[in-house]
Amino acid sequence: MKATRLTILLTTLITMAACGGDGEDIVVERNNKPDTPKTSVNNNRNTTGPSEAQWRLEFPKLKGGSNQVVIHRAILNKNTQQTGINYCVEWDPSLNSQRWSCYQLYSSINYHSTYNVSRYYADNDGTLSPTCQYPNDADIAPQYQFTEDPYKYSGYDHGHICPSADRLRATECNYQTFYITNMQPQFNKFNAGLWEKMEEDVRNWANQSDTLYVCKGGTIDNANNILEYINRSSHQSTRVNASHIPVPKFFFMAVLSRKNSKWQGMGYWVQNLNEDHSNDSRRNYAITIDRLEELTGLDFFCNLPDDIEEEVEKSITYSYWNLK
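Throughout what follows, the structure given in this document is the object of discussion. (Residues numbered from 1 in each chain as written. Predicted model: local features only at pLDDT ≥ 70, side-chain atom pairs only at ≥ 80, totals over all residues. Heavy atoms only, no water.)

Observations concerning the overall build of the chain
And then number 1: Along its length, the chain carries seven helices and 11 strands.
And then number 2: Within the chain, the proportion of its 324 residues that are buried is 55%.
And then number 3: For the chain, contacts bridging at least 24 residues in sequence account for 68% of all contacts bridging at least 6.
And then number 4: With the model as given, the accessible surface of the chain reaches about 14400 Å², and the carbon-plus-sulfur share is 49%. (Helix = DSSP H or I, 4+ residues; strand = E, 2+ residues; numbered from the N terminus. Buried < 20%, exposed > 50% of the residue type's maximum accessible area, 1.4 Å probe, protein only. Contact = heavy atoms within 4.5 Å. Areas by Shrake-Rupley, 256 points an atom, 1.4 Å probe, with all protein chains shown as cover.)

Examining helix H6 (residues 306–313)
And then number 1: Among all positions in H6, only Ile308, Glu309, Val312 and Glu313 are buried. Along the axis of H6, the buried residues cluster in a sector spanning 115°; they form a single face.
And then number 2: Buried residues along H6 sit against strand E9 (250–259), strand E10 (262–271) and helix H5 (289–296). (Arc of directions from axis to C-beta.)

Some remarks on the layout of surface pockets
And then number 1: In this structure, the largest pocket encloses a volume near 360 Å³.
And then number 2: Counting residues per element, the ones that place at least two in the lining of the largest pocket are strand E4 (157–160) and helix H4 (188–207).
And then number 3: The biggest single contributor to the lining of the largest pocket is H4, with seven residues.
And then number 4: Residues of the lining of the largest pocket, tallied by class, amount to five nonpolar, five polar and six charged. (1 Å grid on protein atoms, 1.4 Å probe; cavity = no way out; pocket = protein on both sides within 12 Å on 5 of 7 lines; lining within 4 Å. Points joined across faces, edges and corners; volume = space filled by probe spheres on them. Nonpolar A, V, L, I, M, F, W, Y, C, P; charged D, E, K, R; others polar.)

A closer look at the nonpolar core
Here is a general trend for soluble globular proteins: nonpolar side chains tend to be buried in one another's company.
And then number 1: Core analysis: the biggest nonpolar cluster contains 45 residues, and Val202, Trp205, Leu212, Tyr268 and Trp321 have the highest contact counts within it.
And then number 2: Counting residues per element, the ones that place at least two in this core are strand E2 (82–92), strand E3 (97–105), H4, strand E6 (211–218), strand E8 (244–248), E9, E10 and helix H7 (318–321).
And then number 3: When residues in this core are grouped by element, the largest group, seven residues, is from H4.
And then number 4: By size, the runner-up hydrophobic cluster in this structure holds 27 residues, among which are Cys88, Ile289, Leu298 and Val312. (Core = buried A, V, L, I, M, F, W, Y, C linked by side-chain atoms within 4.5 Å.)

Section: the side chain of aspartate 137
And then number 1: If you trace the backbone, aspartate 137 turns up in the loop between E3 and E4.
And then number 2: The buried charged residue aspartate 137 lacks any salt bridge partner; its closest oppositely charged side chain belongs to arginine 73, at an N-O distance of 11 Å.
And then number 3: Within the structure, aspartate 137 has its side chain in polar contact with the side chain of threonine 181 (distance 2.7 Å).
And then number 4: Apart from residues lying up to four places away in sequence, aspartate 137 is in contact with Val70, His72, Gln145, Tyr179, Ile180 and Thr181. (Lys, Arg positive; Asp, Glu negative; His and termini not counted. Salt bridge = Lys/Arg side-chain N within 4 Å of Asp/Glu carboxyl O. Polar contact = N/O pair within 3.5 Å; in protein donor to acceptor, adjacent residues only side chain to side chain.)

Structure follows, in structure tokens:
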């Protein structure tokens, strides 16, 4: 009887881990499998902030202080009515800017031409109302919300960090990607060129992974990595004032793939240029997570057990990522 119950339990755990999807990390992280390292010590995981930030693998180390972590939940698949965490943001109110967005991708919510909903479209009137193209994020404290769209007339695109195309399996989750807190200023030739190609890479990698863990953003913490500042209200005539938004000089992607309990990691580091580099080899922009941490000052995938984190962050298996 005990043996039968144990068999059922093991079967259930293996099935849960293989399915992928929101919440499956609990099984992966809290139950060692035969083909994962026995060591599960984690000396650098998040110990503050929302509970999700303390175990979900896509989270980097939180900056803390007055910064706010916003967790957006939504329907992720219209056919199955699957719900879960859509994406998360660390918002820096002192800079009127997000530091990063992080999220997961797996087969049941990844881009699929047959099952996609329509991309959200509305009037970009600059009001940031709930029915405009780039709504205010209601989960940000009212004193930090915008009264006008700071990107309108600024000369920069609303650069999605969690892309719309990564959330096209349900209307609600796609709408949330248009929140102003999920944007950073990007040149159009960059946003619609090389950055878009890199976003396509991420969706392709999700198709070969059980789960893909993604953290993306722009450089806002180092003055040498900021191009300029735009007004919190771009309708004002002065370009820079006390209520400004940094324009990142560089953008980054940190990606962690899990496939059959095997792990791979890599990063992209790319300059925000007013030039078309869409035909560049993306291999030229690929770097290790260790190097990306040096460049950004962020600690990615800190919730991984130390031995796994050290292994996946020190090198890139180019054949796995099909980088050419």
